[in-house]
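Residue-level structural notes
Residues per chain, in single letters:
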Amino acid sequence: MQIKNELEAMMERMLNNDLLDKVLETYKQEMQADAIDVAEKEYNEGAQALASVLTAEQKRSLSELESLYADNAKYALGFGFTRGIFVGFQQFFVKDTTKQPFEDFVMNQILKQPHMGRYDEYNNRQIKLNEICKIMEEQLDEASKEHLTSICCGWEERIHGVLRHAFYMGYRYALSIIEDVEPIGATYQIIEKTLMTEYEIG
């Protein structure tokens, strides 16, 4: 048995498309419940408007754009989950830890350069996304450019939502393991860190 292959297969089974769909749906419901689903509304308006004005070639480019964003959302699911696990264990076993774990271990890593460059798969898709956007913007009028921006912003907000929810799932997973192995109430000693972490990610 190849342990590395088995571990990858385990992660793939756990962090599958069904879970991604559930996380995305949860994100959308959360935004709607809090009346801050502007990005989703503008995404839908943009997609509807562009469907009637784009050429066949431009529609193919838009389809590729959305496919790349969807792939990055799937990557974000695993990225957020593993960082959440790390933070959960770090907070338990290390006395002095960051007060902004989501910002430090997720946002500042995968969403910002130069750190994004460390994650080739995600970064390469992001480069391709930027190239497609630039080419399309050169071909579109101002109104259509705004609709394209709405689609891109909608996906970026979704990816942020996926990272947030996946991070918290990973974080709670780590705490559940600690509670399973250590004496009952072991995680109470980091309750302040837990509350701080939950506050940070809303």
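Everything below is about the structure printed above this text.
Residues numbered from 1 in each chain as written. Predicted model: local features only at pLDDT ≥ 70, side-chain atom pairs only at ≥ 80, totals over all residues. Heavy atoms only, no water.

Quick look at the overall build of the protein chain now. Secondary structure assignment for the protein chain yields eight helices and zero strands. Ordering the α and β elements of the protein chain from the N terminus gives α-α-α-α-α-α-α-α. Across the 202 residues of the protein chain, 40% fall into the buried class. Residue pairs in contact within the protein chain that sit at least 24 positions apart in sequence constitute 79% of those at least 6 positions apart. Only carbon and sulfur atoms are counted for the fraction: they give 53% of the accessible area of the protein chain, which is about 11900 Å². Computed over 21 positive and 35 negative side-chain charges, the inter-centroid distance for the protein chain is 3 Å. (Helix = DSSP H or I, 4+ residues; strand = E, 2+ residues; numbered from the N terminus. Buried < 20%, exposed > 50% of the residue type's maximum accessible area, 1.4 Å probe, protein only. Contact = heavy atoms within 4.5 Å. Areas by Shrake-Rupley, 256 points an atom, 1.4 Å probe, with all protein chains shown as cover. Lys, Arg positive; Asp, Glu negative; His and termini not counted. Charge placed at Lys NZ, Arg CZ, Asp CG, Glu CD.)

What follows concerns the packing of aromatic side chains. One pass over the full model with this rule turns up eleven aromatic pairs. Ring centres of F79 and Y119 lie 5.0 Å apart, and the angle between their planes is 80°; on these two criteria the pair is classed as edge-to-face. Of this pair, F79 sits in helix α4 (residues 56–93) while Y119 sits in the loop between α5 (101–110) and α6 (120–139), and the two are 40 residues apart along the sequence. In this structure Y119 comes out as buried when scored by relative accessible area, which is 9%. Aromatic ring contacts, followed pair by pair, group Y75, F79, Y119 and Y122 into a single cluster. The side chain of R83 reaches across the aromatic face of F79, ending 3.8 Å from its centre. Stacked on the ring of W155, the Lys or Arg R158 has its end atom at 4.6 Å from the ring centre. (Phe/Tyr/Trp six-rings, centres within 6.5 Å; stacked < 30°, edge-to-face > 60°. Lys NZ or Arg CZ within 6 Å of the ring centre and 35° of its normal.)

So, about the packing of α4 against α6. It is at 10 Å that the axes of α4 and α6 come closest, and there the two elements cross at 155°. Taken together, the axes of α4 and α6 are roughly antiparallel relative to one another. Once α4 is placed against α6, the crossing between them reads as left-handed. In contact with Q58, S61, L62, E64, L65, L68, Y69, D71, N72 and Y75 of α4, α6 contributes E121, Y122, R125, Q126, K128, L129, I132, C133, M136 and Q139. (Axes fitted to C-alpha atoms, helices over the stretch in contact; angles between N-to-C directions. Parallel < 35°, antiparallel > 145°, perpendicular 65-115°, else oblique. Left-handed = near helix turned anticlockwise from the far one by under 90°.)

Below, the discussion takes up the pattern of salt bridges. If the charged atoms of two oppositely charged side chains come close together, the side chains can form a pair. In the structure shown here, the tally under the stated rule is eight salt bridges. The salt bridge involving E8 is made with K4; its shortest N-O contact spans 2.7 Å. Residue E8 and its partner K4 are both found in helix α1 (residues 3–14); the two are separated by four residues, about one turn of the helix. With its nearest N and O atoms 3.4 Å apart, the salt bridge here joins R125 to E121. One end of the pair, R125, and the other, E121, are both in helix α6, four residues apart, so they sit about a helical turn from each other. For R125, a relative accessible area of 13% translates into the label buried. (Salt bridge = Lys/Arg side-chain N within 4 Å of Asp/Glu carboxyl O.)

One finds L62, L65, L77 and L163 to be the most contacted residues of the largest nonpolar core, which totals 48 residues. Mapped by element, the contributors of at least two residues to this core are α2 (17–33), α3 (38–51), α4, α5, α6 and α7 (142–181). Top element by residues in this core is α7. It accounts for 13 residues. If we ignore the near neighbours within four places in the chain, the residues touching L65 are L129, I132, C133, L148, I151 and C152. (Core = buried A, V, L, I, M, F, W, Y, C linked by side-chain atoms within 4.5 Å.)

Here α3 contains 14 residues, and its C-alpha end-to-end distance of 20 Å stays within 8% of the 20 Å for a straight helix at 1.5 Å per residue. For α3, the set of buried residues is A39, E40, Y43, G46 and L50. In a view along the axis of α3, the buried residues occupy a sector of 125°, so they form one face of it. Every exposed residue of α3 that faces more than 90 degrees away from the buried side is listed here: E45 and Q48. If you follow the buried residues of α3, they end up packed against α2, α4 and α7. (Expected span 1.5 Å × (residues − 1). Arc of directions from axis to C-beta.)

Okay, the state of the cysteines next. Such a bond, covalent and formed between the sulfur atoms of two cysteines, is termed a disulfide. Within the structure shown, the criterion is met by zero disulfides. Counting only cysteine sulfurs, C152 is the nearest neighbor of C133, a cysteine outside any disulfide, at a range of 3.2 Å. A residue is classified by how much of its surface remains accessible, and C133, at 11% relative accessible area, is buried. Cysteine C153 shares no disulfide, and the gap to the nearest cysteine sulfur, in C152, comes to 6.9 Å. (Disulfide = S-S within 2.5 Å.)

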